[in-house]
Amino acid sequence: MSKDLNHLDHFAGKHILITGGLGFIGSNLARPLVAAGAYVTLVDNLIPQYGGNLFNVDGIQDSVLINIADVRDSHSMAYLVQKQDYLFNLAGQTSHMDSMADPHADLEINCRAQLSILEACHKHNPNIKIVFASTRQIYGKPDYLPVDEAHPVRPVDVNGINKMAGERYHILYNNIYGIRACALRLTNTYGPRMRIKDARQTFLGVWIRRLVEGQTFEVWGGEQLRDFTYIDDAVSALLVAAARDDANGRVFNLGGFRYLSLKELADLVVKVNGAGEYAIRSFPADRKQIDIGDYYANFSSIKETLGWEPRVCEEEGLAATLEFYHQHLAKYV
Ligand SMILES: NC(=O)c1ccc[n+]([C@@H]2O[C@H](COP(=O)([O-])OP(=O)(O)OC[C@H]3O[C@@H](n4cnc5c(N)ncnc54)[C@H](O)[C@@H]3O)[C@@H](O)[C@H]2O)c1
């Protein structure tokens, strides 16, 4: 964990619900909350194509309540939101390609279930504070860089449209019903406990897998610019957004230490690993259609409002990530 996790005292003795809590970001968020003395409940459906993994809570499994439930089940959610002080709403279908292949599943999870969760809070726990994990994908192909929150929102895939709706429902319920909610538009987030089996969560996942297995990984294109947030920085942002009431009703971009082309990132990850090879391939046509091209975020809004900025550089973050998977590869493939 980075040393600068602000506001943890705030959560001592509080009741916290994390949807998607067995996934990459949810499980990493649960750890400092447990250490701070919060009562943490994790809701996850553990669908194999998604990022949920029981090993993600290794070491804290006896300090959290794990509820294997689906956020599409409005009856479960109506019960689960009760008596909670905070909801980190992270459950989601994250694959852009899967959202095109099965648009209705994406709609049900990323859009309809979000409305049900908010209705459950409205009816059963209007004093809860919610932080929603939104995504940079909703901007679509940027008109300008770095992208700030005033940039037009023009999603290029089904996932982006549904996440956009999910985000807007949260802000609507904040504005109309006073249910305190805010949204963070995450960019590529990486670190220990991410899905590496395939590229469903992030291309970097499958790169790391191949590297750790000693195989050549593929870089598509290579020229695209991207920014990357290390998981500890993403967790810090979620915590500060939950703790601070001046975040309510707001959407904030997260961003990275700097931006890199995919080829630069590939060179860096090989260097940090100490060995490895990659091959540049042209972008597959179906992916090209929904690719957003170059992207990196302007995160000055969250920096100015909440004081958040990324602290962990790519070298440090990649080293910690590689170390984790060299040790635990078998649990993630
Ligand atoms: N990782 C990133 O780079 C990134 C970028 C932008 C946005 N996000 C958002 O952050 C959130 C968390 O992402 P993550 O990277 O931890 O992915 P993840 O797949 O590891 O975590 C999501 C979790 O949600 C669970 N889940 C999915 N559908 C569910 C359902 N119907 N009911 C209950 N649980 C369900 C999955 O099993 C998984 O454990 C997602 O909403 C995602 O859209 C992530």
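Further up the page is the structure itself.
This text gives an overview of the structure that appears in the document.

Procedures and definitions
Residues numbered from 1 in each chain as written. Predicted model: local features only at pLDDT ≥ 70, side-chain atom pairs only at ≥ 80, totals over all residues. Heavy atoms only, no water. Pairing = 2+ DSSP bridges. Helix = DSSP H or I, 4+ residues; strand = E, 2+ residues; numbered from the N terminus. Axes fitted to C-alpha atoms, helices over the stretch in contact; angles between N-to-C directions. Contact = heavy atoms within 4.5 Å. Near = heavy atom within 4 Å. Polar contact = N/O pair within 3.5 Å; in protein donor to acceptor, adjacent residues only side chain to side chain. Areas by Shrake-Rupley, 256 points an atom, 1.4 Å probe, with all protein chains shown as cover. Nonpolar A, V, L, I, M, F, W, Y, C, P; charged D, E, K, R; others polar. Phe/Tyr/Trp six-rings, centres within 6.5 Å; stacked < 30°, edge-to-face > 60°. Lys NZ or Arg CZ within 6 Å of the ring centre and 35° of its normal. Core = buried A, V, L, I, M, F, W, Y, C linked by side-chain atoms within 4.5 Å. Buried < 20%, exposed > 50% of the residue type's maximum accessible area, 1.4 Å probe, protein only. Salt bridge = Lys/Arg side-chain N within 4 Å of Asp/Glu carboxyl O.

Attention now goes to the sheet that holds strand β5 (residues 129–135). Taken in spatial order, the 7 strands of this open sheet run β3-β2-β1-β4-β5-β6-β10, and their pairing is parallel. Two strands bound the open sheet, and with one partner strand each, they are β3 (64–68) and β10 (251–253). Averaged over all adjacent pairs, the angle separating strand axes in this sheet is 20 degrees, with direction ignored. Note that strand β1 (residues 15–19) and strand β2 (residues 39–44) share 5 bridges and pair parallel. Residue pairing in the sheet places Leu17 in a bridge with Thr41 of β2. Helix α4 (residues 103–124) contacts β4 (86–89) and β5 of the sheet and is inclined by roughly 175 degrees relative to β4. Helix α7 (residues 231–243) contacts β4, β5 and β6 (181–186) of the sheet and is inclined by roughly 140 degrees relative to β5.

Before going further, it helps to spend a moment on the sheet that holds strand β9 (residues 225–230). Spatial ordering of the open sheet is given by β7-β9-β11, a layout of 3 strands whose pairing is mixed. Strands at the two margins of the open sheet, each flanked by one partner only, are β7 (188–190) and β11 (259–261). The average undirected angle you get between the axes of adjacent strands in this sheet is 45 degrees.

The subject of this paragraph is the site of the ligand. Near the ligand lie 29 residues; those nearest to it are Phe24, Asp44, Asp70, Lys163 and Gln201. One of the backbone N or O atoms of Phe24 is found 2.8 Å from an oxygen atom in the ligand. Relative to its unbound accessible area of 810 Å², the ligand is 96% covered by the protein chains. Those elements that provide at least two residues to the shell around the ligand are α1 (24–35), β5 and β7. With 3 residues, the single largest contributor to the shell around the ligand is β5. Among the residues making up the shell around the ligand, the classes are represented as 12 nonpolar, 13 polar and 4 charged.

Let us now look at the packing of aromatic side chains. Going through the model one piece at a time under the given rule, you end up with 16 aromatic pairs. Ring centres 6.2 Å apart and planes at 20 degrees place the aromatic pair Tyr139 and Tyr295 in the stacked group. Highlighted residues: Tyr139 in the loop between β5 and α5 (158–177) and Tyr295 in the loop between α9 (285–289) and α10 (300–306), separated in sequence by 156 residues. Taking NZ or CZ as reference, Lys288 lies 5.4 Å from the ring centre of Phe283, over its face.

A few words on the nonpolar core. Residues Phe11, Ile18, Leu33, Val40, Phe88, Leu184 and Trp207 are the most contacted members of the largest nonpolar core, which totals 69 residues. At 9 residues, the largest contribution of residues to this core is made by α7. Listed in part, the 20 residues of the second largest apolar core include Val71, Met77, Ala78 and Leu80.

Further remarks concern the pattern of salt bridges. Applying the stated criterion across every chain yields a total of 18 salt bridges. Here Asp143 and Arg154 are joined by a salt bridge, their closest N and O atoms 2.7 Å apart. Of the two residues, Asp143 sits in the loop between β5 and α5 while Arg154 sits in the loop between β5 and α5, which places them 11 residues apart along the sequence. Looking at Arg154, the relative accessible area reads 39%, which means it is partly exposed. One continuous salt-bridge network, built from bridges that share partners, spans Glu167, Arg168 and Arg185.

The quantities given are spatial measurements derived from coordinates; they are silent on function.
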